[in-house]
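Take a look at the letters that make up each chain.
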Amino acid sequence: VAGLISVVGYFYSSPFLERRFCVFDTCGVANLHGYPSVLGGLASIPLVLMNSDADFLMHGIGTQSIIQVLAVVFTLAMAIVSGFVTGSVVTSDFLGSFIELWFGSEDYEDAVWWTDVE
C-alpha cells in the first residue's frame, strides 16, 4: 500500500504542487518518504485500538491513540516549518553572495569539462 501511495503521489501530487504552489520536490522526498510515513502514522491509530493487549503499549487505548495522532501532527508541522526555513535560508541574499563567491568560478562549471560531439 505504501508503494502505491508513493507512486500515486509522484504521478499526481508533484505536478499539482509545482503548478499550484511552485513547490518543487526535485528528489521526490515527499513521495518516497513523506506520504508513506503519514500513512503508517495514521494506520497506527486503528491498530492500537485493535490490539489493546499489546506489550509495547505504555498507556490506555484512548491515550495511546491520541499520542499517535499528535505524533503525526507534530511530525508534519516540523517538516513544514523546517522545509520553509531551509528554503528561506537557501534563497536568501546572504547565501547568494556566498554561492557566487565560492561557486562562481568556471572550475565548478561542467560545460568547461565537456565538449560537444559533432
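Cut-offs and rules
- Residues numbered from 1 in each chain as written.
- Predicted model: local features only at pLDDT ≥ 70, side-chain atom pairs only at ≥ 80, totals over all residues.
- Heavy atoms only, no water.
- Helix = DSSP H or I, 4+ residues; strand = E, 2+ residues; numbered from the N terminus.
- Buried < 20%, exposed > 50% of the residue type's maximum accessible area, 1.4 Å probe, protein only.
- Contact = heavy atoms within 4.5 Å.
- Areas by Shrake-Rupley, 256 points an atom, 1.4 Å probe, with all protein chains shown as cover.
- Phe/Tyr/Trp six-rings, centres within 6.5 Å; stacked < 30°, edge-to-face > 60°.
- Expected span 1.5 Å × (residues − 1).
- Bend = angle between axes of the 7 residues up to and from the residue.

**Concerning the overall build of the protein chain**
Scanning the protein chain from N- to C-terminus turns up five helices and zero strands. In sequence order, the protein chain lays out its α and β elements as α-α-α-α-α. Residue burial in the protein chain is summarised as follows: out of 118 residues, 15% are buried. Contacts spanning at least 24 positions in sequence make up 34% of the contacts within the protein chain whose residues lie at least 6 apart. In the form shown here, the protein chain has an accessible surface area of approximately 9800 Å², with 70% of it arising from carbon and sulfur atoms.

**Comments concerning the packing of aromatic side chains**
Considering all chains together, one arrives at two aromatic pairs under this definition. Judged by centre distance (4.9 Å) and plane angle (90°), the ring pair of Phe11 and Tyr12 falls under edge-to-face. Seen in terms of ring centroids, Phe16 and Phe21 are 6.0 Å apart; in terms of plane orientation they differ by 80°. Their pairing is edge-to-face.

**Re helix H1 (residues 2–21)**
Side chains of residues three or four places apart in an α-helix project in the same direction, reflecting 3.6 residues per turn. With 20 residues, H1 should reach 28 Å at 1.5 Å per residue; the first-to-last C-alpha distance of 25 Å falls well below that figure. At Gly9, H1 shows its largest kink, close to 40°. By the burial criterion, the buried members of H1 are Ser6, Gly9, Ser13 and Ser14.

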